[in-house]
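Chains, contacts and geometry: an overview
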Amino acid sequence: MTATAESWFTLTNKTSTRTDGINMYHNDQQVLQQEIRNQAVLTKDKDKRKEQLSQSWELPPNWLKFLVIVLLFLGIFFRFVNLDRKVYWYDETMTSLRIHGHTHSKYVQQLFQGQVISAADLQKYQTFNPEKDLKDTMNALAGNAEHPPLYYLIARFWTQWFGDSVAATRSLSAAISLLVFPLVYWLCLELFNSSLLGWISIALFSISPFHVLYAQEARQYSLWIVTILLSSAALLRAIRLKTKSSWGLYAVSLSLGFYTFLMSGLVAIAHGIYVAIVERRLNKISTAYIVASLAGCLTFVPWILVFIANLSNIEKNTSSGQRAVNIFSRLQTFSSDLGQVFLDFKLGLYSAPLILIMVGYAVYFVYRNAPKKGALFVLCLVGISLIGLILPDLIFGLKLSTRSRYLIPFYLGSQLAVAYLLTAKIFSIRSSNQQIWKVIAALLFSGGVLSCAMSSQAEAWWNKGASHYNINRAEIINQASRPLLISSNNSLNPGDLLSLSYLLDSKVRLQLVIEPNIPQVPDGYSDIFVYNTSKELNSKLEKDYKIKTVDKRANLWRLEKKSAEQ
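Figured I'd write up the structure that's included with this text. Quick caveat: nothing in here was measured; it's all calculated off a predicted structure. (Residues numbered from 1 in each chain as written. Predicted model: local features only at pLDDT ≥ 70, side-chain atom pairs only at ≥ 80, totals over all residues. Heavy atoms only, no water.)

1. Description of the overall build of the protein
- Looking only at helices and strands, the protein has 25 helices and six strands in total.
- The 566 residues of the protein split such that 51% are buried.
- Pairs at least 24 apart in sequence give 78% of the contacts found in the protein among residues at least 6 apart.
- Accessible surface computed for the protein: about 27300 Å², of which carbon and sulfur atoms make up 61%. (Helix = DSSP H or I, 4+ residues; strand = E, 2+ residues; numbered from the N terminus. Buried < 20%, exposed > 50% of the residue type's maximum accessible area, 1.4 Å probe, protein only. Contact = heavy atoms within 4.5 Å. Areas by Shrake-Rupley, 256 points an atom, 1.4 Å probe, with all protein chains shown as cover.)

Structure (structure tokens):
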């Protein structure tokens, strides 16, 4: 072979090799692009299946409608039955005190002067007084600025119109709680476009023991639940419609939440994180959200100024929430409180952990199977509200996460997740073990009804705090023929005594002092009882009296005059 031929052959081989390399490169690129397209199709199909999963639930079957209507009527019944049966506890007496224009300090100054009074004198600070106007109510609320005024102002007008009895005062919360049903249905439509999910959610919310308990309490928590659901649905609607009026509704709902409960800030943060993740950049929707949120926040500035002006009072009023709790007790309380959202009776040590596992699985199921935006919203509501309480507890040694009422946004998100799980497992064509999940749903519904039935007949429940001891105190004191009860401004006594005044007979007399003053005990009483006075005051009383324990847990003692020999 000649040199020329060899050169031509070598060049041809190199060219062929280069061409093969280029072809291989193009083939690899085509394969890679095809894989990307396939992955995109798979992702799109997955999202489409998720959307179809929700859309396939649009029409609930007739048997489910009947079941939910029955549960709804039961839920309404339990919200209004025996409204005045449970003890009117410490926090509720503070509601009545403030809405009728009385301050805690004036109440103590006027009644804790050592004079002998009756339970009726205490009750004057729990009922409407025509001499106290709206300005007095606002002054009383400003002294406790950690509780924004919206609920309390509504309660003032409510009690003026319908009376100030325990049942009438509590009926406001019961009436407000009825708004939960249309709002949770609306939220389900905005989240997953699913009427069926809305029906299941109404069933869970209607016979939730937690919701029923707080629907029967003269506090702002029913209204807070309503504002959380309203603002959440309004936000999703505003994102969908992109109109000024829809964003205006969101701004108003956000403001209502702030003026109901300070923890609404956590809900607003959850909304903000949701919008940031979904939109990812500054566009018309994110800009409209920022404007609406700022508008809602600006309306709350007047109360923020009141809050700042009363920081010293707030620190004193909230001191009970600043005591550290060990990790084990914290976890136990958290698990137990979450269980009471669904079942509120003792099933042994395993009931609360089982509910915790179910909720955890439900949240995970929503994350894996629900449409992306709806799942993200539920996760934000659950996660931010929980983290926002746990972090301050861990950093500052507080116990905010052990207060079940502060965890309401977390509970709402958890209930929505459980409702989604039940709907998917029971009504999805692709779901296996449908019968098992029907049994689980039946157990949850029947357990909720049973819990509400048991609670409705009780005189006290776990949400009444230490005030449930007032039932035993009153029974013991009322049995005496001519009793005198001595107490002081020690600890939480002023509010507990207001609670006790609802249970005492008219024959009972009280003598209240501001410590370290010593009461001058009058003669002529068959039994002299002492309630929760300090050790220092008790040691002074022991100079002339013997102090005998009547009920240790209730901090109730009896005084007996020492003989001259003693």
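Right, picking up where we left off after that structure.
2. A word on unusual backbone geometry
- Here Glu515 and Pro516 are connected by a cis peptide whose omega angle stands at 15°.
- Secondary-structure assignment places Pro516 in the loop between strand 3 (509–513) and strand 4 (527–531).
- Notably, Asn82 is not glycine yet its phi reads approximately 50°, a positive angle.
- Relative to the assigned elements, Asn82 resides in the loop between helix 2 (62–80) and helix 3 (90–99).
- We note that Asn532 has phi near 50°; this positive angle belongs to a residue other than glycine.
- Along the chain, the position of Asn532 falls in the loop between strand 4 and helix 25 (535–541).

3. What about the pattern of salt bridges?
- Applying the stated criterion across every chain, the model contains nine salt bridges.
- Two residues, Lys464 and Glu92, come together in a salt bridge whose shortest N-O distance is 3.3 Å. Note that Lys464 is positioned in the loop between helix 22 (434–456) and helix 23 (469–479) and Glu92 in helix 3, a separation of 372 residues in sequence.
- For Lys464, a relative accessible area of 1% puts it in the buried group.
- Taking the relative accessible area as the measure of exposure, Glu92 reaches 0% and is therefore buried.
- Shared partners join several salt bridges into a network, and the residues in it are Glu92, Arg170, Glu217 and Lys464. (Salt bridge = Lys/Arg side-chain N within 4 Å of Asp/Glu carboxyl O.)

4. Side note on helix 2
- Between its terminal C-alpha atoms helix 2 stretches 28 Å, which fits the 27 Å expected from 19 residues at 1.5 Å a residue.
- All of the buried residues in helix 2 are Leu64, Val68, Leu71, Gly75, Phe78 and Arg79. For helix 2, the angular spread of buried residues about the axis comes to 100°, placing them on one side. Away from its buried face, by an angle of more than 90 degrees, helix 2 presents the exposed residues Asn62, Phe66 and Phe73.
- Each element contacted by the buried residues of helix 2 is listed here: helix 8 (166–177), helix 9 (180–192), helix 10 (195–206), helix 11 (209–215), helix 21 (408–427) and helix 22.
- Among the residues trailing helix 2, Asn82 stands out with phi positive, at a value near 50°. (Expected span 1.5 Å × (residues − 1). Arc of directions from axis to C-beta.)

5. Some details on the packing of aromatic side chains
- Summed over the entire model, instances satisfying the criterion amount to 26 aromatic pairs.
- Measuring from ring centre to ring centre gives 4.9 Å for Phe210 and Tyr214, while their planes differ by 50°; the resulting arrangement is tilted. Of this pair, Phe210 and Tyr214 both sit in helix 11, four residues apart, roughly one helical turn. Judged on exposure class, the residue Phe210 and its partner Tyr214 are both buried.
- Where Tyr361 meets Trp437, the ring centres are 6.3 Å apart and the plane angle is 20°; that geometry is what we call stacked. Of this pair, Tyr361 sits in helix 19 (residues 351–369) while Trp437 is found in helix 22, placing the two residues 76 residues apart along the sequence. (Phe/Tyr/Trp six-rings, centres within 6.5 Å; stacked < 30°, edge-to-face > 60°.)

6. Observations concerning the environment of Gly114
- Assignment of secondary structure puts Gly114 in strand 1 (residues 113–118).
- Expressed as a C-alpha distance, the spacing of Gly114 and Gln520, which sit 406 residues apart in the sequence, is 7.3 Å.
- Ignoring any residue separated from it by four or fewer positions in sequence, one finds Gly114 in contact with Gln511, Leu512 and Val513.

7. Details of the nonpolar core
- Leu235, Trp247, Tyr274, Phe342 and Val418 are the most contacted members of the largest nonpolar core, which totals 114 residues.
- Look past the residues within four positions of Phe342 in its chain and what remains in contact with it is Pro209, Ile355, Met358, Val359, Gln415, Val418, Leu444, Gly447 and Gly448.
- Core analysis: the next-biggest nonpolar cluster, separate from the first, contains 26 residues, Met94, Phe112, Ala480 and Leu512 among them. (Core = buried A, V, L, I, M, F, W, Y, C linked by side-chain atoms within 4.5 Å.)

8. What to know about a positive patch on the surface
- Taken together, the side chains of Lys242, Arg280, Lys372 and Lys373 make up a positively charged region of the molecular surface.
- Along the chain, Arg280 falls in the loop between helix 14 (264–279) and helix 15 (284–298). (Patch = residues over 30% accessible without salt bridge, like charges linked within 9 Å, V, L, I, M, F, W, Y side chains within 5 Å. Lys, Arg positive; Asp, Glu negative; His and termini not counted. Charge placed at Lys NZ, Arg CZ, Asp CG, Glu CD.)

9. Digging into the pairing of strand 4
- The buried fraction of strand 4 amounts to five of the five residues, a majority that puts the element mostly inside the structure.
- Relative to strand 4, strand 2 (residues 483–488) runs parallel, the two sharing four bridges. Its bridge partner lying in strand 4, Ile486 is registered against Val530.
- Summarising the sheet, strand 4 and strand 6 (residues 556–561) pair through four bridges and their orientation is antiparallel. Its bridge partner being in strand 6, Phe529 is matched across the sheet by Arg558. (Pairing = 2+ DSSP bridges.)

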